Amino acid sequence: MCGIIAYIGDRDACPILVEGLRRLEYRGYDSAGITMQQGDELATIKVAGKISELARTLKSTPLEGTCGIAHTRWATHGAPSQINAHPHLDTPETIAIVHNGIIENFYTLKKWLIGEGFEFRSDSDTEVLAHLIHYFYKNSLEDAVQKALLEVSGTYGIAVMSSLEPRKIVGARNGSPLVVGVGEGENFIASDVTAILDHTRQIIYLDDREMVVVDADNIEVTTLERKRVHRKPEEILWSAEAVQKGGFPHYMMKEIFEQPRTIRDSFSGRVIDETGKAHLGGLNIPMENLQDLSRVIITGCGTSWHAGLIGEYMIEEFARIPVEVEYASEFRYRRPVIDHNNLAVVISQSGETADTLAAMREAQKGGARALGICNVVGSTIARESDGGIYTHAGPEIGVASTKAFTSQVTVLTILSLLLGRLSHLSEAEGRRIIRALKRIPDQVQSILDRAHEIEKIAKLYYKHNNFLYLGRGYNFPVALEGALKLKEISYIHAEGYPAAEMKHGPIALIDRNMPVVFIALRDSAFEKVINNIQQVESRNGRIIALATEGDDVVAQWAEHVFYLPATIEPLTPLLSVVPLQLLAYYIAVERGCDVDQPRNLAKSVTVE
Ligand code: G6P
């Protein structure tokens with residue numbers, strides 16, 4: 001996904017901008033570019049490909065100056081190429097813009113601008129904005145940006161500069177995040193705090209339809225209608241080092257290994273041992289409303305949706321409230337029936353996923369209260385939801401989500417416990433769940449300590465082109481998540497299925513070349529899963545199984561067994577997903593794949 005960083009101050013801007021772009025690499029991108037105020041002109045360099053390519057070009061053609069904007073692009077309109085990369089400039093090259101989002105009426109605007117005599121160089125929707133700002137420019141960049149944005153429909157986070165007003169950068173946001181980093185004698189604009197955390201921890205978050213004008217010493221936030229907005233900076237508490245790899249070869253590996261801590265952080269201070277109850281500070285919903293819920297709607301995309309499926313099982317089991325889980329992209333467009341007694345639980349690691357945000361707004365429009373489960377503090381979903389629970393997993397850089405998933409499931413456990421204890425769940429049951437939850441971090445650690453066992457299996461299977469993942473009950477969503485991890489980072493076709501559904505189609509695929517990963521734990525579905533294992537074994541399928549420590553049945557049928565410590569059934573996903581994350585990781589490494597930035601994927605999908 002696209003990334004923005006802009007700098008104005010008295011330091012050499014170029015290294016700050018390039019380093020900022022590097023920090024945004026994890027979002028996924030296909031081209032990069034930079035514009036600097038050099039003397040009284042704008043100087044621009046753009047490349048198709050990686051930031052290292054941009055850095056190489058800048059070595060041979062250095063840009064100097066103390067004010068500049070930079071961008072990593074993830075193609076939406078027009079191919080990934082140098083010409084379509086940002087910044088985009090007007091024809092006389094006095095105005096430069098970087099943009100995240102999509103200008104939806106760009107075609108109409110482009111046609112009109114061409115009629116007015118403007119010439120276009122690229123296929124990018126963003127170029128329309130550069131010419132439009134030029135069209136409106138009289139003597140104030142912010143006035144021209146405002147007028148241009150009033151003509152635009154769609155989403156944007158932008159940073160704009162002009163050689164006509166060299167000590168100024170204008171930013172604006174609508175539907176695509178933008179923050180201002182407050183420095184001393186210098187200021188920053190970025191799409192993501194990660195880009196500027198080396199320089200400042202004081203952050204001002206812009207809301208939709210807001211603009212900002214920054215110079216080295218001043219920051220002025222206004223609405224798009226130019227009404228002054230007074231907003232204090234917020235302090236970011238996590239360190240820049242937290243986003244480094246911490247000695248691991250890949251961010252994904254580091255994040256898998258962080259899970260004992262991140263799971264603990266997700267429940268710490270939120271459960272009460274003595275009463276078997278949960279306490280969630282940010283819910284913002286009166287207890288009597290929570291007791292009266294007629295339905296819970298859970299929505300999200302990708303891995304967050306899988307966490308939602310586990311949440312469904314838990315809320316129904318603990319609190320006996322009907323739950324519906326739906327892909328955000330479907331929910332937003334299908335005219336769902338919603339009422340005031342519904343609670344929408346909106347799950348998003350980034351808090352910026354366009355479909356999830358739209359689904360939340362749809363639920364709120366229908367009268368439901370929205371509860372955001374987000375990882376990124378200050379993200380749009382976190383701010384627009386009626387109440388929220390942060391997952392506290394810390395920044396997740398690897399595109400394939402791992403620690404965010406286990407934190408989401410942990411938070412959903414606590415929410416289910418809270419709802420359960422308001423109705424059906426006894427104190428003893430509540431206490432039993434808390435006791436089991438508190439053992440999970442050490443149990444995850446014991447799995448990670450045996451990562452080499454999974455690595456061995458990966459080395460045997462990495463050349464296969466298809467995988468099947470089967471599980472039941474609480475571990476059906478884990479089968480989906482295991483398959484998703486594998487396809488995301490190793491480009492192997494993998495499908496997750498409820499184990500019993502296998503006989504309705506996938507069984508036709510089983511032969512010697514089809515590895516089947518079974519989650520066959522000692523839970524209520526155990527006997528039935530064993531039946532499915534036998535069906536696969538008798539058709540020569542190759543079985544890799546997860547089983548519970550002490551079990552001696554699974555090994556009779558499976559070629560490889562990885563044992564997991566025992567826990568209560570609803571918490572098994574927090575353990576069973578870990579070896580599946582590791583399996584995907586090691587297979588991708590064996591295949592030589594770019595684990596942290598898989599092709600075609602983005603960390604935060606802020607377009608539809
Ligand atoms: C992208 C990411 C996935 C993620 C999904 C939802 O597809 O690559 O890892 O699960 O978006 O993201 P969210 O930030 O809303 O959880």
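Residues numbered from 1 in each chain as written. Predicted model: local features only at pLDDT ≥ 70, side-chain atom pairs only at ≥ 80, totals over all residues. Heavy atoms only, no water.

A.B. asks: Report on the sheet that holds strand S21 (residues 387–390), specifying residues and quantitative values.
C.D. replies: In a beta sheet, neighbouring strands are held together by backbone hydrogen bonds and run either parallel or antiparallel to one another. Pairing within the open sheet is parallel, and its five strands lie in the order S18-S17-S19-S20-S21. Because the sheet does not close on itself, it has two edges, and the strands there are strand S18 (323–327) and S21. Each strand of the sheet is rotated relative to its neighbour by a mean of 20 degrees, with strand direction disregarded. Contacts from helix H9 (residues 302–319) reach strand S17 (295–300), S18 and strand S19 (342–348), with the element oriented near 175 degrees to S18. Docked against the sheet, helix H13 (residues 403–422) engages S19, strand S20 (369–374) and S21, running at close to 160 degrees with respect to S19. (Pairing = 2+ DSSP bridges. Helix = DSSP H or I, 4+ residues; strand = E, 2+ residues; numbered from the N terminus. Axes fitted to C-alpha atoms, helices over the stretch in contact; angles between N-to-C directions. Contact = heavy atoms within 4.5 Å.)

A.B. asks: Summarise the site of the ligand; cite the residues concerned and give the values.
C.D. replies: Around the ligand, the structure places 14 residues, and the nearest of them are Ser-304, Ser-348, Gln-349, Ser-350 and Thr-353. Bound to the protein, the ligand loses 91% of the 390 Å² it would expose on its own. At three residues, the largest contribution of residues to the shell around the ligand is made by H9. A per-class count over the shell around the ligand returns four nonpolar, eight polar and two charged. (Near = heavy atom within 4 Å. Areas by Shrake-Rupley, 256 points an atom, 1.4 Å probe, with all protein chains shown as cover. Nonpolar A, V, L, I, M, F, W, Y, C, P; charged D, E, K, R; others polar.)

A.B. asks: Account for the sheet that holds strand S23 (residues 493–498), with residues named and values stated.
C.D. replies: Strand order in the open sheet formed by five strands is S23-S22-S24-S25-S26, with parallel pairing between adjacent strands. With partners counted over all chains shown, the strands left at the sheet margins are S23 and strand S26 (560–564), one partner each. Shown here is a sheet whose adjacent strand axes are inclined to one another by a mean of 15 degrees, direction ignored. As judged from the five bridges shared by strand S25 (residues 542–548) and S26, these two strands associate in the parallel manner. From the neighbouring strand, Ala-547 faces S26, where its bridge partner is Tyr-563.

A.B. asks: So what's going on with the side chain of Glu-326? Residues and values would help.
C.D. replies: Mapped onto the elements, Glu-326 comes out in strand S18. Exposure remark for Glu-326: the relative accessible area of 13% places this residue in the buried category. The residues touching Glu-326, leaving out its near neighbours within four places in the chain, are Ile-298, Thr-299, Gly-300, Trp-305, Phe-331 and Arg-334. (Buried < 20%, exposed > 50% of the residue type's maximum accessible area, 1.4 Å probe, protein only.)

A.B. asks: Outline the pattern of salt bridges, supporting the account with residue identities and numerical values.
C.D. replies: Evaluated as defined, the whole model comprises 36 salt bridges. Measuring nitrogen to oxygen at the nearest pair gives 2.6 Å for the salt bridge that ties Arg-23 to Asp-198. One end of the pair, Arg-23, is in helix H1 (residues 13–24); the other, Asp-198, is in the loop between strand S10 (187–190) and strand S11 (202–205), with 175 residues separating them in the sequence. Residue Arg-121 is joined to Glu-93 by a salt bridge in which the shortest nitrogen-to-oxygen separation is 3.6 Å. Residue Arg-121 is found in the loop between helix H3 (106–115) and helix H4 (126–136), and its partner Glu-93 is found in the loop between strand S5 (88–89) and strand S6 (95–100); the two are separated by 28 residues along the sequence. Since its relative accessible area comes to 39%, Glu-93 is described here as partly exposed. The network of salt bridges with shared partners includes Lys-254, Glu-258, Arg-261, Asp-265 and Lys-403. (Salt bridge = Lys/Arg side-chain N within 4 Å of Asp/Glu carboxyl O.)

A.B. asks: Describe unusual backbone geometry, naming the residues involved and giving the relevant values.
C.D. replies: Geometrically, the link from His-86 to Pro-87 is a cis peptide bond, its omega value of 0 degrees lying close to zero. Looking at where Pro-87 falls in the secondary structure, it is placed in the loop between strand S4 (67–73) and S5. A positive phi is found at Arg-226, a non-glycine position, where the angle reads about 70 degrees. Of note, Arg-226 is situated in the loop between strand S13 (219–223) and strand S14 (234–235). A relative accessible area of 27% places Arg-226 in the partly exposed class. The phi angle at Tyr-491 is positive, at roughly 60 degrees, despite the residue not being glycine. Its location among the elements puts Tyr-491 in the loop between helix H16 (476–490) and S23. The exposure class of Tyr-491 is partly exposed, given its relative accessible area of 26%.

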